[in-house]
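# Chains, contacts and geometry: an overview
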Amino acid sequence: MLFNNAGNSTYMGIKLVVFDIAGTTLKDDHKVTAVFKKTFSQFGYAIPAKHIDPLMGYEKSYAIRYVLETMTAHKPVQDNLVYAIHQEFVSQMILFYQQENLEVLPHVEETFTALRQEGIKIGINTGFSRDIAQTIISRLGWEKNNLIDILVASDEVPLGRPEPFMIHSMMHSLGITDPLQVAKVGDTEVDIREGQNAGCKYVIGVTTGIFSRGELETYHPTHIIDDVAELIAIVKE
């Protein structure tokens, strides 16, 4: 690693690291799944957690439709039902994050700081809609304290994960044209596929969320880590 006289990094590799939220940077403990289950139950659907957990990280309207179609033997699901369930989920999720004692995962904020000191931008993306994501980020003070550079949510792009649009949107906003200057970090299958579809140089699975190391391995990320701080060495390779 080289530095100029002002202390700024002249490292020319990774320019942007994109992090997921729940399970990657914020401790979750199946709490999002619990809110999903509660929301479905209000509409008369008893959905086991095993049908919800694999969909963590997906855009939530897509996840709701997928669950409903699975429970109804893939019969068409009315758009107004998906919309109503999603609106209730958003309301409950915002209330949850406004009231919950949010716990940032170990070494996340220190990692943000270390990367930004190297001149690397920090992006946050999510399967949540913008209003949920902004509630979290505002409560954590990540924008106010200059810990992150950009936030993009799934409802701000044409399609959410595993499509690469959120990452591409960040790259465009930050003036980055080469996906080989981008690393993606997440705890789910769909995080990994998003990074792969975007062409990121590093697609890093982290075991702090919903998927085990063995489950992450099946999707062939470039790396799997147990602590987000481990990615600092990876992006300097």
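### A closer look at the sheet that holds strand β6 (residues 223-225)
- Sheet architecture is open: six strands sit in the order β3-β2-β1-β4-β5-β6, paired in parallel fashion. The outermost strands of the open sheet, each flanked by one partner alone, are β3 (150-153) and β6. Strand-to-strand twist across the sheet, computed as the mean angle between neighbouring axes with direction ignored, equals 20 degrees.
- For strand β1 (residues 16-19) and strand β4 (residues 182-186), the ladder comprises four bridges, and the chain directions are parallel.

### Quick word on the packing of helix α3 (residues 60-71) against helix α4 (residues 79-99)
- Here α3 crosses α4 at 125 degrees, and the two axes come no closer than 9 Å. If you check the angle between α3 and α4, you find them oblique. Crossing of α3 against α4: the hand is right-handed. Residue-level inspection shows K60, S61, I64, R65 and L68 of α3 in contact with α4, the latter providing D79, L81, V82, I85, H86 and F89.
- Of the residues belonging to the contact of α3 with α4, the class tally is six nonpolar, two polar and three charged.

### Points about the environment of S41
- Tracing the backbone shows S41 in helix α1 (residues 31-42).
- Given the relative accessible area of 45%, S41 is considered partly exposed.
- As for S41 and I85, which are separated by 44 residues in sequence, their C-alpha atoms are 10.0 Å apart.

### A short note on the packing of aromatic side chains
- In total, this model carries nine aromatic pairs according to the counting rule given.
- Note on F19 and F112: the rings are 5.0 Å apart at their centroids and 70 degrees apart in plane angle, and the pair reads as edge-to-face. Here the residue F19 occupies a position in strand β1, and F112 occupies one in helix α5 (residues 108-117), the gap between them amounting to 93 residues.
- Judged by relative accessible area, which is 0%, F19 ranks as buried.
- The class of F112 is buried, set by a relative accessible area of 0%.
- One aromatic cluster is present, formed by F19, F112 and W142 through successive ring pairs.

### A word on the environment of F89
- Looking at where F89 falls in the secondary structure, it is placed in helix α4.
- When its relative accessible area of 0% is taken as the criterion, F89 is described as buried.
- Setting aside chain neighbours within four positions, we find F89 in contact with V32, V35, F36, T39, K60, F128 and I132.

### Some thoughts on the pattern of salt bridges
- Following the criterion strictly, the structure yields 14 salt bridges and no others.
- With its nearest N and O atoms 3.1 Å apart, the salt bridge here joins D20 to R161. Of the two residues, D20 is situated in the loop between β1 and α1 and R161 in the loop between β3 and α7 (165-174); the sequence distance between them amounts to 141 residues. Accessibility assignment for this pair places D20 and R161 in one class, buried.
- With its nearest N and O atoms 3.7 Å apart, the salt bridge here joins D29 to K27.

### Focus: the side chain of K184
- With respect to the element layout, K184 can be found in strand β4.
- Looking at K184, its side chain comes within polar contact range of the side chain of N125, at 2.9 Å.
- A polar atom in the side chain of K184 sits 3.1 Å from the side chain of E194.

### Re the nonpolar core
- Ranked by size, the top nonpolar core spans 76 residues in total, and within it V17, F19, Y97 and L231 carry the most contacts.
- Tallying contributions element by element places α4 first for this core, with eight residues.
- Discounting residues that sit within four places of it in the chain, Y97 has contacts with A22, L26, V32, L102, F128, I132, T135, I136 and R139.

### Some words on unusual backbone geometry
- The omega torsion across R161 and P162 is 10 degrees, close enough to zero to call that bond cis.
- Mapped onto the elements, P162 comes out in the loop between β3 and α7.
- In this model, H30 sits at a positive phi of 65 degrees, which is unusual for a non-glycine residue.
- Structurally, H30 is set in the loop between β1 and α1.
- Since its relative accessible area comes to 42%, H30 is described here as partly exposed.
- Positive phi, normally seen in glycine, also occurs at H220, with a value near 60 degrees.
- Checked against the element boundaries, H220 lands in the loop between α9 (213-217) and β6.
- Its relative accessible area of 62% is what places H220 among the exposed residues.

Calculation rules
Residues numbered from 1 in each chain as written. Predicted model: local features only at pLDDT ≥ 70, side-chain atom pairs only at ≥ 80, totals over all residues. Heavy atoms only, no water. Pairing = 2+ DSSP bridges. Helix = DSSP H or I, 4+ residues; strand = E, 2+ residues; numbered from the N terminus. Axes fitted to C-alpha atoms, helices over the stretch in contact; angles between N-to-C directions. Parallel < 35°, antiparallel > 145°, perpendicular 65-115°, else oblique. Left-handed = near helix turned anticlockwise from the far one by under 90°. Contact = heavy atoms within 4.5 Å. Nonpolar A, V, L, I, M, F, W, Y, C, P; charged D, E, K, R; others polar. Buried < 20%, exposed > 50% of the residue type's maximum accessible area, 1.4 Å probe, protein only. Phe/Tyr/Trp six-rings, centres within 6.5 Å; stacked < 30°, edge-to-face > 60°. Salt bridge = Lys/Arg side-chain N within 4 Å of Asp/Glu carboxyl O. Polar contact = N/O pair within 3.5 Å; in protein donor to acceptor, adjacent residues only side chain to side chain. Core = buried A, V, L, I, M, F, W, Y, C linked by side-chain atoms within 4.5 Å.

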